[in-house]
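# Tertiary structure, described
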There are 2 protein chains.
Amino acid sequence: MKATVHVTLKPGVLDPQGQTIQRASESLGFTRIRDVRQGKFFEVELADGDDTEAARAELERFAREMLANPVIEDYRIEFP
Amino acid sequence: MKATVHVTLKPGVLDPQGQTIQRASESLGFTRIRDVRQGKFFEVELADGDDTEAARAELERFAREMLANPVIEDYRIEFP
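Looking up chain A in an unreviewed UniProt entry gives the name Phosphoribosylformylglycinamidine synthase subunit PurS, with the organism given as Chloracidobacterium thermophilum. Annotation of chain A in UniProt includes, under Catalytic activity (unreviewed entry), the sentence "N(2)-formyl-N(1)-(5-phospho-beta-D-ribosyl)glycinamide + L-glutamine + ATP + H2O = 2-formamido-N(1)-(5-O-phospho-beta-D-ribosyl)acetamidine + L-glutamate + ADP + phosphate + H(+)".

Laid out in structure tokens, this is it:
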């Protein structure tokens, strides 16, 4: 079973990487790029098994404990 | 206008970060995490304007030239 996890900075948390990309875009001739926010994206393959609920619970814990920093980041899990 | 861009490693390109996360998950008691692939995810705000086609073309060029490394990465643009 494959799931995806999006990890993004919480609203209001400064994103220096995104700002740097946006400023660089202006100097490289892009005129319409107003704002860029960068996040992480994970494709997670879970062991096939009958217990989907247990697999979902484990992925939730995995995202919270290993993929996102709950102080400054939000995460969103999507199952197929 | 807001669009999202997913940048992922091309199939077959080694993902040491993803492998490290997967191995660490085992040592931390996760039993179902078989594989992890890490990518980047961008939320891009484009200037409002009447010319959506030109904005899409500019975002395509921006993704190809500034967000992804076409040698080892694929990118996917999603418009609202």
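We are not done yet, so read on.
## Let's talk about the sheet that holds strand 3 (residues 73–78) of chain B
Strand order in the open sheet made by the 6 strands is 3(A)-1(A)-2(A)-2(B)-1(B)-3(B), with antiparallel pairing throughout. Since the sheet does not close on itself, it has two edges, and those belong to strand 3 (73–78) of chain A together with strand 3 of chain B, each with one partner. Strand-to-strand twist across the sheet, computed as the mean angle between neighbouring axes with direction ignored, equals 25°. Judged from the 6 bridges that link them, strand 1 (residues 2–9) of chain A and strand 2 (residues 33–46) of chain A form a sheet pairing that is antiparallel.

## Section: the relation of the copies chain B and chain A
Mapping chain B onto chain A calls for a rotation angle of 180° and an axial translation of 0.0 Å; the resulting RMSD is 0.0 Å. Here the copies are linked by what is in effect a two-fold axis. Distance from the rotation axis, computed per C-alpha, reaches its smallest value in chain B at Lys40 of chain B: 2.4 Å.

## Examining the environment of Lys40 of chain A
On the secondary structure map, Lys40 of chain A appears in strand 2. Taking the relative accessible area as the measure of exposure, Lys40 of chain A reaches 26% and is therefore partly exposed. In this structure the C-alpha to C-alpha distance between Lys40 of chain A and Leu14 of chain A, which are 26 residues apart in sequence, comes to 15 Å. When sequence neighbours within four positions are dropped, the list of residues in contact with Lys40 of chain A reads Val5, His6, Val7, Leu67 and Glu73 of chain A together with Gln38, Gly39 and Phe41 of chain B. At 3.5 Å, the side chain of Lys40 of chain A and the backbone oxygen of Leu67 of chain A are in polar contact.

## Describing helix 1 (residues 16–27) of chain B
Each α-helix winds once per 3.6 residues, and so residues spaced three or four apart point in a common direction. Residue and element names in this part refer to chain B. Over its 12 residues, helix 1 extends 17 Å from the first C-alpha to the last, a length consistent with the 16 Å expected when each residue adds 1.5 Å. Along helix 1, the residues classified as buried are Gly18, Ile21, Gln22 and Ser25. One side of helix 1 holds all its buried residues, which, seen down the axis, span an arc of 100°. Structural note: helix 1 exposes Arg23 and Ser27 on the side pointing more than 90 degrees away from its buried face. Positive backbone phi, at 95°, marks Gly29, one or two positions downstream of helix 1.

Definitions and cut-offs
- Residues numbered from 1 in each chain as written.
- Chains lettered and ligands numbered in written order.
- Predicted model: local features only at pLDDT ≥ 70, side-chain atom pairs only at ≥ 80, totals over all residues.
- Heavy atoms only, no water.
- UniProt positions renumbered as here; feature names shortened; annotations may be inferred.
- Pairing = 2+ DSSP bridges.
- Helix = DSSP H or I, 4+ residues; strand = E, 2+ residues; numbered from the N terminus.
- Axes fitted to C-alpha atoms, helices over the stretch in contact; angles between N-to-C directions.
- Least-squares fit on C-alpha atoms with pLDDT ≥ 70 in both.
- Buried < 20%, exposed > 50% of the residue type's maximum accessible area, 1.4 Å probe, protein only.
- Contact = heavy atoms within 4.5 Å.
- Polar contact = N/O pair within 3.5 Å; in protein donor to acceptor, adjacent residues only side chain to side chain.
- Expected span 1.5 Å × (residues − 1).
- Arc of directions from axis to C-beta.

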